[in-house]
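# Coordinate inspection notes
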Amino acid sequence: MMKPIRLLLLLALLLTACGPTTASPPGEASEAPANAVKITLAYSPEKEAWLNDRLAEFNRSGAKVNNRPIFAEGVNKSSGAARTEIKQGSLQPTIWSPSSSVWLEVLKQESGNPNVAVSSRPMLLTPVVISMWKPMAEALGWPNKQIGWNDLLALVNEPEGWGKYGHPEWGRFSWGHTDPEISTTALSTVLAEFYAATNKSRGLTEADVQAESSQKFLRDLGLAIKHYGYNTLVFSENMKKYGTSYISAFPMEEITLIEFNKSAPPTPLVAIYPREGTFWHDNPFIVMASASQEEQQAAQQLFDFLNSPESQTAAMQFGFRPANTAVAIGDPISPQFGADPNQPQTLLEVPPGNVLVAAKNAWAANRKRANIVLVVDTSGSMRGDKIEEAKAGLELFLSRLLPEDRVAMVTFSDTAEVVVPLGVLSENRIQLQSAVQNIEVEGKTAMYDALREARKVLEADIDDRNRINAIVLLSDGEDTAQTSTFEDVRADYNETDISIFPIAYGEDAAKDALQQIADFTRTIVISGSTGDINKVFENLSRYF
Amino acid sequence: MRPLRLAITIGYLLLVIATAAMPLLGWQRPYAPLSVLPRPAPVTLTIVYGTEKQRWLEDAAAAFEASGITANGASIDIELRGLGSRESMQGLLDGSLKPDVWSPASDLWLALLNQEWQQRAGRPLVPTSGSDAPQMLVLTPIVLAAWQQRAAALSDGGQSAWQNLHASIVAPEGWGAKGHPEWGTVKWGHATPTVSNNGLQALLLMAYDYHRKSSGLTVADVQDPEFLGWLSEMERAASFNDSSATLMNDMIAFGPSRYDAVATYENLALAQMANARSRWNDNLVLIYPPANLWSNHPYAILDAEWVTPTDREAARQFRDFLLSRAQQEQAVQLGFRPALRDVPLDGAASPFTRNASAGVRLDVPTLVEVPEAAVLDALLDAWKRAAQR
């Protein structure tokens, strides 16, 4: 007789433990109850902090569909990458929330399936802005004068650079650009450039994109690009670190700008809402057609929760503008953080999928080409797995560069040697590949000598604004040959626009020495190990 | 002994609780003998309605369920499903929707549905006479809701609102022609006519206005190549949304950057006036087209085999509840015009009074005649070509 009662008690206890009233630590999603209707939400990274909190709260709220609890799970995935994985079938979320609904159009176009989603509603809003250092924006007449892409092009073409505006000490105008294959802001930026090139604000066509005059506009603006980047992060970190001497301007979402200014930098950024118009990123709540009827109902409840005044107000603290119109806009969307809540005043039309894809392709064909010197440490400490993994990474890197890029290779141990001189990749690819395969490791680390050799390799191209001049330095140690000094290297590179990207390879890499080098060329040290060096090289390839 | 005593105690307690709860559960006669009748199972009243009434109907349904009103002794659960008017008509026709009550935005849809149903079943799905004939719940006209500064620029053309809008759209310099190059091109929106009542009405008003008439629109009128050219120009500058409520929401969320103006229901615009001000530091103003159309929100109890006598009774109860003075006053607060004549529009707290300076009119100008189905079909075909849909 006692047994069933005990069992009941136990069950009751268990139910209580799993029940919606049980508080789990904030931010930590509890386990899904056994009979739960599970839904997944794939979202772009800038919503991570907000959704971590909101999804946990939703799972605790006791929301039910057909008397079964709903359990929502988040997957953090960059917009462009998510669209590729959904297309390939390796990602099958119930709900997809990229930065912008533009990605849904890209997915429809690329997959040839116009019915891939059942609904799409804006969830959080942020406009794309050109962020610029406040004193520079003021020199251009901000906030009284409206500034646009055409003003930036004029500044790019201005031989005196900022000197024209009374600030020769700022040098020439420069900016950065992320990869539209991955970054929504980059895709919006490319579209804005094409609109500006054709003097249109709607009805952009494939023919417009393919016109030689438009592509020239893109290439001309590209002259001032310091380097490309995998995502926004590397740029905002470097802007924080090097301030106005790094780049003059960078297109970003308003939320990124607000976040930047929240950290109270010595020089703040201001948002320029381009005169020609801009785009909103609407962080849509897209219910996928693959979701069952029950999952769609559960998704509706999640939408209602995320669209509630409470959730929307929480998102505003991160710098998003709420899509729920009942929530009034306040700090931090304010001039104090570089934003103007009354802007933007006009928009560019989002073109249809075929034009989006054409614009992406045109960008790839017209982006600035690079001169790259690979400077590879072949000293004794690189022995074993280390050099073998690095070889594979170098091969991957070479495969990701454009055929028109020019590449050279310098290796160093006791001395430095130019093993492959600078040449067009389509012509010296095989030579580079065999040089990589033939690397032998031994001896000391003549790193500074190698950097001075690399400088000589680029000698003829120092003043060529048509190309990015860069050095990729792979090393695990500090200079032990001591035939040149750090000061020699710095003097060599002074007044050049060459960027050196050091990869600190291995756990015991001498990061300080490499950081010194990154600092004077205003780049970043990238850490890699045998486990992830492939990924490091793949990401780095997107800088050029 | 113990278990028995416990059972008695529990039984007594249950009796007390049940008796006390009876009025709450909708038991109208607290003195009825307890043992005589088992309580009938609750009845679920399903209602498919146009989304612009969402807020009013959801609040009313909650109040109704709490009131304890019954149908043949059964308590009533209300299940609401908001859908575009055309979409719901198609659902009724293809059998995917089987509600007890249909309340589209306009009785235009009842006529279209009945016409089709008559051919198939030999009788109308919506009764046209008798005590269950449709009754209108609330009324609302079409307006152009525009941002104040931009509205001024749209109303100085000296022509009708539609013609002024067209003139601004085709000006090559866009807003530059009105001294505001920073506003870019003129951008407006309306609901998708193939899905939404609101969209179809806007389209119909444009067609009448172009031909300068208010009745007798013909197939030849809507197929006129010059009208088609004019419409293409209008729609090239327009964005569409399947839901009129979402469109109005987007206008406020994205602000004047996205839409200078939208064609919408008066009630949806009135519901967003305060939000518009607080978000964009600019007012919305309402511009009434020279000729208009009412959306009269009929409440149609369907004459279908899936509607039981108890469903029907429940439907009548909720209809009468919606037409009660309290609910009609509530509708006015939400920006609707009441079906009950003696409910005032211009009370001190009414949005019609509060927004008088935003162009709200108590009288609505001339009404246009709703043309027959063939003209509406031709108009939708014309729109698909003009908007490249």
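The following refers to the structure shown. Every residue gets a number counted from 1 within its own chain, in the order that chain's sequence is written. To label them, take the chains in the order written and letter them from A, then take the ligands in the order written and number them from 1. Note on the predicted model: pLDDT of at least 70 is required for a residue's local features to be given, and 80 or more for side-chain atom pairs to be given and counted; whole-chain, interface and lining totals, by contrast, use all residues. Side-chain descriptors were evaluated using all non-hydrogen atoms of the structure, hydrogens and water having been removed beforehand.

### Digging into the overall build of chain B
By definition, any uninterrupted DSSP run of H or I lasting at least four residues is a helix, any uninterrupted run of E lasting at least two residues is a strand, and each is numbered from the N terminus. Scanning chain B from terminus to terminus reveals 15 helices and 13 strands. When each of the 389 residues of chain B is scored for burial, the buried share is 54%. Residue contacts follow a heavy-atom distance rule, with two residues in contact if any of their heavy atoms lie within 4.5 Å. For chain B, the proportion of contacts with a sequence separation of at least 24, taken over those separated by at least 6, is 72%. The protein chains shown are the only cover counted for residues, whose accessible areas, like all others here, come from Shrake-Rupley with a 1.4 Å probe. Roughly 17000 Å² of accessible area belongs to chain B as shown, and the carbon and sulfur atoms make up 54% of that amount. Buried means the residue's accessible area, taken with a 1.4 Å probe over protein chains only, is under 20% of the maximum for its type, while exposed means over 50%, and partly exposed covers the values in between.

### Considerations on the overall build of chain A
Within chain A, the secondary structure is distributed over 20 helices and 19 strands. The size measure is the radius of gyration over C-alpha atoms, and the globule rule it meets is 2.2 Å times the number of residues to the 0.38 power. For chain A, the C-alpha radius of gyration of 26 Å lies close to 24 Å, the compact-globule estimate for 544 residues. Each principal axis of the C-alpha distribution contributes one length, and for chain A these read about 90 × 65 × 45 Å. Looking at chain A as a whole, 56% of its 544 residues qualify as buried. A separation threshold of at least 6 residues defines the contact pool for chain A, and within that pool the share at least 24 residues apart is 75%.

### Comments concerning the sheet that holds strand S1 (residues 37–43) of chain A
Residues and elements named next belong to chain A. The 6 strands lie next to each other as S2-S3-S1-S4-S12-S5, forming an open sheet whose pairing is mixed. A single partner strand is all that each edge strand has here, and the edge strands are strand S2 (64–65) and strand S5 (117–121). Only the stretch in contact is used when fitting a helix axis, every axis being a line fitted to C-alpha atoms; angles between N-to-C directions are given from 0 to 180 degrees. Together, S1 and strand S3 (68–76) form the strand contacts of helix H2 (residues 48–60), whose direction differs from that of S3 by roughly 165°. Sheet strands in contact with helix H4 (residues 102–111) are strand S4 (95–97), S5 and strand S12 (285–288), and its direction is about 120° off that of S4. Criterion used throughout: strands pair if DSSP finds at least two bridges between them.

### Considerations on the packing of aromatic side chains
Think of it this way: a Phe, Tyr or Trp ring, Trp meaning its six-membered ring, pairs with another when their centres are within 6.5 Å, and the plane angle makes it stacked under 30 degrees, edge-to-face over 60, tilted otherwise. Summed over all chains, the structure comprises 31 aromatic pairs over all chains. Taking 6.2 Å as the distance between ring centres and 45° as the angle between the ring planes, the aromatic pair formed by B:Trp56 and B:Phe336 counts as tilted. With B:Trp56 in helix H2 (residues 54–67) and B:Phe336 in the loop between helix H13 (325–333) and strand S13 (337–338), this residue pair connects regions lying 280 residues apart in the sequence. B:Phe336 shares its class with B:Trp56; the two are buried. Between the aromatic rings of B:Phe64 and B:Phe321, the centroid separation amounts to 5.2 Å while the plane-to-plane angle is 70°, which identifies the pairing as edge-to-face. With a gap of 257 residues between them, B:Phe64 in helix H2 and B:Phe321 in helix H12 (residues 309–322) connect regions that are remote in the sequence. For the pair B:Phe64 and B:Phe321, a shared accessibility class is recorded, and that class is buried. Among the aromatic residues, those joined into a cluster by ring pairs are A:Phe397, A:Phe501, A:Phe537, A:Tyr543 and A:Phe544. Between A:Arg121 and the ring centre of A:Phe303, over which it is positioned, the NZ or CZ distance is 4.0 Å. Placement of a positive charge over a ring is assigned whenever Lys NZ or Arg CZ falls within 6 Å of the ring centre and within 35 degrees of the normal to the ring plane. Between B:Arg258 and the ring centre of B:Phe254, over which it is positioned, the NZ or CZ distance is 4.3 Å.

### Considerations on the pattern of salt bridges
The salt bridge definition used is simple: a Lys or Arg side-chain nitrogen within 4 Å of an Asp or Glu carboxyl oxygen. Enumeration according to the criterion identifies 46 salt bridges over all chains in this entry. A salt bridge links A:Glu105 to A:Lys108; the shortest N-O distance between them is 3.6 Å. Here A:Lys108 and A:Glu105 lie together in helix H4, a separation of 3 residues that amounts to about one turn. Residue B:Asp59 is joined to B:Arg55 by a salt bridge in which the shortest nitrogen-to-oxygen separation is 3.6 Å.

### Some thoughts on the sheet that holds strand S15 (residues 406–412) of chain A
All names here are of chain A. Spatial strand order, S16-S15-S14-S17-S18-S19: 6 strands in an open sheet with mixed pairing. Each having just a single partner strand, strand S16 (416–424) and strand S19 (526–528) make up the two edges of the open sheet. Each strand axis lies, on average, 15° off the axis of its neighbour in the sheet, ignoring direction. Looking at chain direction, strand S14 (residues 369–377) and strand S17 (residues 467–475) are connected through 8 bridges and run parallel.

### Section: the nonpolar core
Judged by nonpolar contacts, the single largest core of 141 residues is most densely connected at A:Trp96, A:Met132, A:Phe173, A:Ile471, A:Ile517 and A:Phe544. Aside from chain neighbours lying at most four places away, what touches A:Phe544 is A:Tyr228, A:Arg367, A:Ala370, A:Ile372, A:Phe397, A:Leu401, A:Ile468, A:Ala470, A:Val472 and A:Phe501. Core analysis: the second largest hydrophobic core is formed by 68 residues, B:Leu125, B:Leu154, B:Leu200 and B:Ala237 among them. Take the buried Ala, Val, Leu, Ile, Met, Phe, Trp, Tyr and Cys residues and link them wherever side-chain atoms come within 4.5 Å; each set so joined is a nonpolar core.

### A closer look at the interface of chain B and chain A
With 24 residues of chain B at the interface, the matching set in chain A holds 23 residues. For the chain B face of the interface with chain A, the top three residues by lost area are B:Phe254, B:Arg279 and B:Trp280, together amounting to 34%. Across the chain B-chain A interface, the total number found is 0 salt bridges. Identification of polar contacts relies on pairs of N or O atoms within 3.5 Å, with a donor-acceptor requirement for protein atoms, meaning one able to donate a hydrogen and the other able to accept it, and with residues adjacent in sequence counted only if both atoms are side-chain atoms. Seen at the junction of chain B and chain A, the total is 13 residue pairs in polar contact (both at pLDDT 80 or more). Residue assignment for the side of chain B that touches chain A shows that the elements contributing at least two residues are helix H10 (244–254) and helix H11 (266–280) of chain B. Residue composition of the side of chain B that touches chain A, by class: 9 nonpolar, 8 polar and 7 charged. Accessible area that two parts lose when put together, evaluated with a 1.4 Å probe and summed over both, is termed the buried area. All residues other than Ala, Val, Leu, Ile, Met, Phe, Trp, Tyr, Cys, Pro, Asp, Glu, Lys and Arg, Gly among them, are scored as polar; the first ten of these are nonpolar and the last four charged.

### Describing the side chain of A:Ser100
Structurally, A:Ser100 is set in the loop between S4 and H4. Classification of A:Ser100 as buried rests on a relative accessible area of 3%.

### Some details on the environment of A:Lys64
Residue and element names in this part refer to chain A. Looking at the element boundaries, lysine 64 is found in strand S2. Accessibility expressed as a relative area gives 40% for lysine 64, which makes it partly exposed. As for lysine 64 and alanine 36, which are separated by 28 residues in sequence, their C-alpha atoms are 8.6 Å apart. Excluding its chain neighbours within four sequence positions, the residues that come into contact with lysine 64 are Pro69, Ile70 and Gln301.

### Considering H2(A)
Residues and elements named next belong to chain A. Expected helix span is given by 1.5 Å per residue-to-residue step, counting one fewer step than there are residues. Under the 1.5 Å per step criterion, the end-to-end length of H2 is 18 Å for 13 residues, consistent within 8% with the ideal 18 Å. Residues of H2 that are buried include every one of Trp50, Leu51, Arg54, Leu55, Ala56, Phe58, Asn59 and Arg60, and no others. Buried residues along H2 sit in contact with S1, S3, strand S6 (124–133), helix H12 (293–306) and helix H13 (309–317). Where H2 terminates, the next one or two residues include glycine 62, which has phi positive at roughly 80°.

Note that all results are geometric; they support no functional claim without further evidence.
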